[in-house]
Amino acid sequence: MEFIAALFGVISVWYSRKNDILVYPTGIISVLLYVFICYEYKLYADAGLNVYYFIMSVIGWVNWTRKKSETFVFPISRCDIKEWIYGLSVFILVLIALILILTHFTDSTTIVADSVVSSSAATAMWWMARRKLESWYAWTVSNIVAIPLFFYKELYFTVGQYIVFLVLAIWGFYTWRSMIKNDKEIGTL
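Anyway, here's the lowdown on the structure attached to this text. Keep in mind that this is a model prediction, so the values were computed, not measured. (Residues numbered from 1 in each chain as written. Predicted model: local features only at pLDDT ≥ 70, side-chain atom pairs only at ≥ 80, totals over all residues. Heavy atoms only, no water.)

The interhelical angle for the contact between helix α5 (residues 111–129) and helix α6 (residues 135–152), taken along N-to-C directions, is 155°, at an axis separation of 8 Å. Of the possible angle classes, the one that applies to α5 and α6 is roughly antiparallel. For the pair α5 and α6, the crossing hand works out as left-handed. Taking contact as the criterion, the partners of Ala113, Asp114, Val116, Val117, Ser120, Ala121, Ala124, Met125, Trp127 and Met128 in α5 are, on α6, Ser135, Trp136, Ala138, Trp139, Val141, Ser142, Val145, Ala146 and Leu149. (Axes fitted to C-alpha atoms, helices over the stretch in contact; angles between N-to-C directions. Helix = DSSP H or I, 4+ residues; strand = E, 2+ residues; numbered from the N terminus. Parallel < 35°, antiparallel > 145°, perpendicular 65-115°, else oblique. Left-handed = near helix turned anticlockwise from the far one by under 90°. Contact = heavy atoms within 4.5 Å.)

Here's what the structure looks like:
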């Protein structure tokens, strides 16, 4: 199950990098499997995060397909200052909440790392559903922390997945940045 979840996760991020709507159906398969895997390995924040991913995947799928006058309602763009403040606020609030919840209500052995992965990914997923370039920054942070976390939990297929995620996050940033530059030049995506 871990291998299948990791495989569909990589496929999903590959589609995301390409700005392809298939990011969502492939991602949904991965996140639903990871809900069970993370719960089994006492990665409670990550299990909850995958439930959140599922919800945001449905929202993202709808957002990415919405058009008005044949143009996307949510084209790739950069965050404005309000979106930055919102994203960073989400990160901080979710981080604090997860640390408190995991400390007082679970038997988690990886409270801080699990919370950082989940809070940075929550921000990334919000921005991704709105096609914000900065989502790739948050994905990069989440991936860097996730690699040693999943290694510690001996989830080696997942470690491999997050290494690929890290490479794809960096590549995705440059791909989307190029799409923004081209959009300014030709007026469409």
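In the structure shown here, the tally under the stated rule is 2 salt bridges. Its salt-bridge partner being Lys132, residue Glu83 comes within 3.2 Å of it at the nearest N-O pair. Of this pair, Glu83 sits in helix α4 (residues 81–105) while Lys132 sits in the loop between α5 and α6, placing them 49 residues apart in sequence. (Salt bridge = Lys/Arg side-chain N within 4 Å of Asp/Glu carboxyl O.)

Our next topic: the nonpolar core. Residues Tyr24, Tyr53, Met128, Trp136, Trp139, Phe150 and Trp176 are the most contacted members of the largest nonpolar core, which totals 43 residues. Within the residue set of this core, elements represented by two or more residues are α1 (2–17), α2 (23–40), α3 (44–65), α5, α6 and α7 (156–186). Sorting elements by how many residues they give to this core places α7 first, with 9 residues. Here Trp139 is in contact with Tyr53, Ala121, Ala124, Met125, Met128 and Ala169, once residues within four sequence places are set aside. (Core = buried A, V, L, I, M, F, W, Y, C linked by side-chain atoms within 4.5 Å. Buried < 20%, exposed > 50% of the residue type's maximum accessible area, 1.4 Å probe, protein only.)

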